[in-house]
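Listed below, chain by chain, are the residues.
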Amino acid sequence: MNYLFLFRMIKTSVGRKQLMAVTGLLIASFLFIHLAGNLLLFKGEDWYNGWSELLIANPATIYIEIGLLFLFIIHITMAVWVRTEDLINASYRKYDMSRWHGGRTIGSATMLYTAIIILVYLVFHIIHFRFADKSIGVYQMVVSAFRSPLFVSIYIIGSVALALHLSHGFQSALETLGINHIKYNVYIKIAGYLVAVCMVFFAVISLYFYFGLDLREIADASNIVEMTIE
Ligand code: HEM
């Protein structure tokens, strides 16, 4: 593989933005797969542990994780670089970047803050789930974490930050890569909002277990069993 193209891209400001866009879209793709896997929590312990054992047993997983780490590092480095450049250019032109200008959304105006929240959330998440003791089973580890109001609050804040970040990030990445047309921009905008809504499901999962909705299902099932025995 020719890694030189990466260095050539980093040299230009357009290249840096494109690199940020591509890595952002790849991270978003991982998040969809991760969300799909985590939705198996609703199917119960066997399904979720089965999925997680499949991942742990797969020799490719470690390489995917290392790849992901690189994607995060490149994305964050490019974001800091591009943002610093924009700030320097804006100060030359005496242009106030902190003010809300026409066409800005909450998502676009809060990109830096949501990025910081996501980063802090991610470090917390990796320490508690990736490097945790999984002897009780991954399902039990996740479900018992979601019984804690502190954990659930962190997941809600992280998911909302992710939704806001992607509501702007998705459309912006496509625009940077030249995927925009006056005819289709409205659909791209809608797709961006749909991506954002999907991210809220990470919070929904944590709230589902916090409110014990899984236990209610178990209780209902045992009531049915008791009734049929009687
Ligand atoms: C309901 C919410 C979530 C649950 C239940 C969850 C669950 C998990 C679990 C159990 C692991 C460890 C997997 C293993 O060691 O085999 C993991 C890893 C990971 N999670 Fe999450 N996660 C959630 C949300 C998120 C979000 C919102 C992000 C991104 C911002 C994220 C990013 C990651 C990453 C990067 C890893 C390490 C790579 C991997 O092992 O797949 N997760 N997650």
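Heads up: the structure comes first, above all this text.
Everything numeric here is computed off the predicted structure, so don't read it as measured data.

Engineer: Please explain the coordination of the iron atom of the ligand as it appears in this structure.
Structural biologist: By definition of the ideal shapes, a tetrahedral metal site with four donors has angles of 109.5 degrees and an octahedral site with six donors has angles of 90 or 180 degrees. The protein atoms that coordinate the iron atom of the ligand are His34 (NE2) and His125 (NE2), at distances of 1.9 to 2.0 Å. Residue His34 is classed as partly exposed on the basis of its relative accessible area, which comes to 30%. By relative accessible area, His125 is classed as buried at 14%.

Engineer: Quick question: what am I supposed to make of the nonpolar core here?
Structural biologist: Considering soluble globular proteins, one finds that nonpolar side chains tend to be buried as a cluster. Counting residues in each nonpolar core, the largest one holds 33 residues, and the members touching the most others are Leu41, Tyr48, Phe129, Val142, Phe146, Met199 and Phe209. With nine residues, helix H8 (residues 149-176) is the largest single contributor of residues to this core. With residues near it in sequence (within four places) discarded, Phe129 still touches Lys134, Met141, Val142, Ala145, Phe146, Phe151 and Tyr155.

Engineer: What am I meant to see in the environment of Leu119 here?
Structural biologist: With respect to the element layout, Leu119 can be found in helix H6 (residues 111-130). The spatial distance from the C-alpha of Leu119 to the C-alpha of Ile76 is 9.4 Å, given a sequence separation of 43 residues.

Engineer: I would appreciate a short explanation of the site of the ligand in the present structure.
Structural biologist: Taken together, 23 residues are adjacent to the ligand, and His34, Asn38, Glu65, His125 and Lys134 come closest. At 2.8 Å, a side-chain N or O of His34 approaches a nitrogen atom of the ligand. A distance of 3.0 Å separates an oxygen atom of the ligand from a polar side-chain atom of Lys134. Elements with a minimum of two residues in the shell around the ligand: helix H2 (13-39), helix H3 (45-57), H6, helix H7 (138-145), H8 and helix H9 (185-210). No other element matches H6, which puts six residues into the shell around the ligand. Tallied by class, residues from the shell around the ligand come to 17 nonpolar, three polar and three charged.

Engineer: What is the right way to read the packing of helix H1 (residues 4-11) against H2 from this model?
Structural biologist: In helix packing, the relevant descriptors are the interaxial angle and the interaxial distance, both defined with respect to the helix axes. Taken N-terminus to C-terminus, the directions of H1 and H2 make an angle of 120°; their axes are 5 Å apart at the nearest point. Contact residues: H1 offers Leu6, Met9, Ile10 and Lys11, while H2 offers Ser13, Gly15, Arg16, Gln18 and Leu19. Within the contact of H1 with H2, the residues separate by chemical class into four nonpolar, three polar and two charged.

Engineer: What exactly am I supposed to notice about the packing of H2 against H8 here?
Structural biologist: It is at 9 Å that the axes of H2 and H8 come closest, and there the two elements cross at 130°. Taken together, the axes of H2 and H8 are oblique relative to one another. Seen along the crossing, H2 lies across H8 with a hand that is left-handed. Contact residues: H2 offers Lys17, Gln18, Ala21, Leu25, Ala28 and Leu31, while H8 offers Leu162, Leu166, Phe170, Ala173, Leu174 and Thr176. Of the residues in the contact of H2 with H8, the class split is nine nonpolar, two polar and one charged.

Engineer: How should I be thinking about H2 in this particular structure?
Structural biologist: An α-helical segment advances 3.6 residues per turn. Residues three or four places apart therefore align on the same side. Look at H2: 39 Å from first C-alpha to last across 27 residues, which is about the 39 Å you get at 1.5 Å a residue. Taken together, the buried positions of H2 are Gly15, Arg16, Leu19, Ala21, Thr23, Gly24, Ile27, Ala28, Leu31, Leu35, Gly37 and Asn38. The elements touched by buried residues of H2 are H1, H3, helix H4 (60-92), H8 and H9.

Engineer: Hey, could you run me through the environment of Ala115 in this one?
Structural biologist: With respect to the helices, strands and loops of the structure, Ala115 is situated in helix H6. Residue classification places Ala115 among the partly exposed positions, given a relative accessible area of 32%. Sequence spacing of Ala115 and His165 is 50 residues, and the spatial spacing of their C-alpha atoms is 7.0 Å.

Engineer: Even after reading the chapter, I still don't get the pattern of salt bridges, so can you show me in this structure?
Structural biologist: Side-chain pairing between opposite charges can occur once the charged atoms of the two side chains come close. Taken as a whole and assessed by the stated rule, the structure comprises two salt bridges. Linking Arg16 and Glu85 is a salt bridge whose minimum nitrogen-to-oxygen distance equals 2.4 Å. Here Arg16 is found in helix H2, whereas its partner Glu85 is found in helix H4, with 69 residues between them in sequence. Looking at Arg16, the relative accessible area reads 6%, which means it is buried. Residue classification places Glu85 among the partly exposed positions, given a relative accessible area of 23%. Here Glu65 ties to Arg130 by a salt bridge, and the two come within 2.9 Å at their closest N and O atoms. Highlighted residues: Glu65 in helix H4 and Arg130 in helix H6, separated in sequence by 65 residues.

The rules we used
- Residues numbered from 1 in each chain as written.
- Predicted model: local features only at pLDDT ≥ 70, side-chain atom pairs only at ≥ 80, totals over all residues.
- Heavy atoms only, no water.
- Donors = N, O, S within 2.8 Å, 3.2 Å for Na, K, Ca; no water.
- Buried < 20%, exposed > 50% of the residue type's maximum accessible area, 1.4 Å probe, protein only.
- Core = buried A, V, L, I, M, F, W, Y, C linked by side-chain atoms within 4.5 Å.
- Helix = DSSP H or I, 4+ residues; strand = E, 2+ residues; numbered from the N terminus.
- Contact = heavy atoms within 4.5 Å.
- Near = heavy atom within 4 Å.
- Polar contact = N/O pair within 3.5 Å; in protein donor to acceptor, adjacent residues only side chain to side chain.
- Nonpolar A, V, L, I, M, F, W, Y, C, P; charged D, E, K, R; others polar.
- Axes fitted to C-alpha atoms, helices over the stretch in contact; angles between N-to-C directions.
- Parallel < 35°, antiparallel > 145°, perpendicular 65-115°, else oblique.
- Left-handed = near helix turned anticlockwise from the far one by under 90°.
- Expected span 1.5 Å × (residues − 1).
- Salt bridge = Lys/Arg side-chain N within 4 Å of Asp/Glu carboxyl O.

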